[in-house]
Amino acid sequence: MSTPPHRRTARPPRPTARPRVRVHTRVRAVSATRPKVRPWSAYAVVVTIVLSVAAGLLFYLNERSSRGHAQVVSTASGPDFVEVDVVLQRVDATAQTVAAKVLVQPRGTLQGPSGQLVPAQDMVVETTSLEQTLLRYPAGQPIGSNPVSFSLFGGRITDYPFDGYRAQIGFRATVGGKPTPVVVGIQEADPFFAFKLGDKETEGLGIGVTERISRSRSTFILAWFMMAAMWALALAVLLAAWLIVRQRRGIIWPALSWMAATLFALVGMRNAAPGNPPIGSLLDYAAFFWAELLVAVGLTMVVVHGARVEGEHRPRS
């Protein structure tokens, strides 16, 4: 006997399988790819900085101690003499002069009863300066320091920073019309130049010394650093320009801004050279002129090639 249609029970629908959600845990993968911090690398950086600062301080102390001693030359053999203290203040390589401050002090019986800066008799000091050949000090009047400039010879400023000069510094004194022994003490005060005592010449009781003048160690190091930095900046701009052209990119405005800023930054760096060397010095021919040329070539190359690429990609109407 068959079951009536209304009594037939429908089969329940099969349950649909739920999609399995896979949760990927990348904690281990991320932790595995994260670079490990090595403690010795941080220590190496700190040690390098400390050693660099210490080396700089040692160089400074060495230069300071080597330039802090006075150069003393004399023709005196007794207690009565004239002491001439010379402080070399500023070297003007362009004008070929060295400005100095001279202080004359009579010693022994040559000084007056009121102090060592008062001569007992009329005192005249002859110098090797071409501008102030005589320094006169009346008897009984206080003595003050005198500005005296000496001439430079034997060097060219266009050889910067390898230029060197010589200066003849000499004195002859007479007290009361009689020649008097002279003791000369020379100190340097120009931080851009170094002074070394050269030949000594005596004529009677007068004395003259030749000072050898060259750029100081700090000036020399800074000039070398500036030349290296100019070449590095110029080559960096040229390399960036070559990559832009090779990759056939259009006009990249940030790159053009950087290149143009470098072009003018080199001029400011050149003008900041210690000692104000003139245009056309060795510094310019060794680095500055070439750096400006390379930056200008790289900038022009990027602009011309970028304009050509932009024209090719422009949609045609």
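In case you missed it, the structure is sitting above this.
Note that the structure is predicted; figures quoted are calculated from it, not measured. (Residues numbered from 1 in each chain as written. Predicted model: local features only at pLDDT ≥ 70, side-chain atom pairs only at ≥ 80, totals over all residues. Heavy atoms only, no water.)

**Looking at the nonpolar core**
Val-84, Val-86, Phe-171 and Val-184 are the most contacted members of the largest nonpolar core, which totals 35 residues. Counting residues in hydrophobic clusters, the runner-up holds 22 residues, among them Ala-223, Ala-234, Ala-241 and Leu-256. (Core = buried A, V, L, I, M, F, W, Y, C linked by side-chain atoms within 4.5 Å. Buried < 20%, exposed > 50% of the residue type's maximum accessible area, 1.4 Å probe, protein only.)

**Looking at the packing of aromatic side chains**
Taken as a whole, this structure holds six aromatic pairs when the rule is applied. Pairwise contacts between aromatic rings join Phe-162, Phe-220 and Trp-224 into one cluster. (Phe/Tyr/Trp six-rings, centres within 6.5 Å; stacked < 30°, edge-to-face > 60°.)

**Topic: the packing of helix 4 (residues 253-271) against helix 5 (residues 282-312)**
Two numbers describe how helix 4 lies on helix 5: the axes approach to 9 Å, and their chain directions differ by 165°. Accordingly, the angle class assigned to the pair helix 4 and helix 5 is roughly antiparallel. Like other packed secondary-structure pairs, helix 4 and helix 5 cross with a definite hand, here left-handed. Contacts between helix 4 and helix 5 involve Leu-256, Met-259, Ala-260, Thr-262, Leu-263, Leu-266, Val-267 and Arg-270 from the first element and Leu-283, Asp-284, Phe-288, Ala-291, Glu-292, Val-295, Ala-296, Gly-298, Leu-299, Val-302 and Val-303 from the second. Of the residues belonging to the contact of helix 4 with helix 5, the class tally is 14 nonpolar, two polar and three charged. (Axes fitted to C-alpha atoms, helices over the stretch in contact; angles between N-to-C directions. Helix = DSSP H or I, 4+ residues; strand = E, 2+ residues; numbered from the N terminus. Parallel < 35°, antiparallel > 145°, perpendicular 65-115°, else oblique. Left-handed = near helix turned anticlockwise from the far one by under 90°. Contact = heavy atoms within 4.5 Å. Nonpolar A, V, L, I, M, F, W, Y, C, P; charged D, E, K, R; others polar.)

**Section: the side chain of Glu-83**
With respect to the helices and strands, the residue Glu-83 is situated in strand 2 (residues 82-92). Owing to a relative accessible area of 17%, Glu-83 belongs among the buried residues under this scheme. Here the side chain of Glu-83 touches Arg-107 through a polar contact of 2.6 Å, side chain to side chain. In this structure Glu-83 touches Leu-103, Val-104, Gln-105, Arg-107 and Val-183, once residues within four positions along its chain are discounted. (Polar contact = N/O pair within 3.5 Å; in protein donor to acceptor, adjacent residues only side chain to side chain.)

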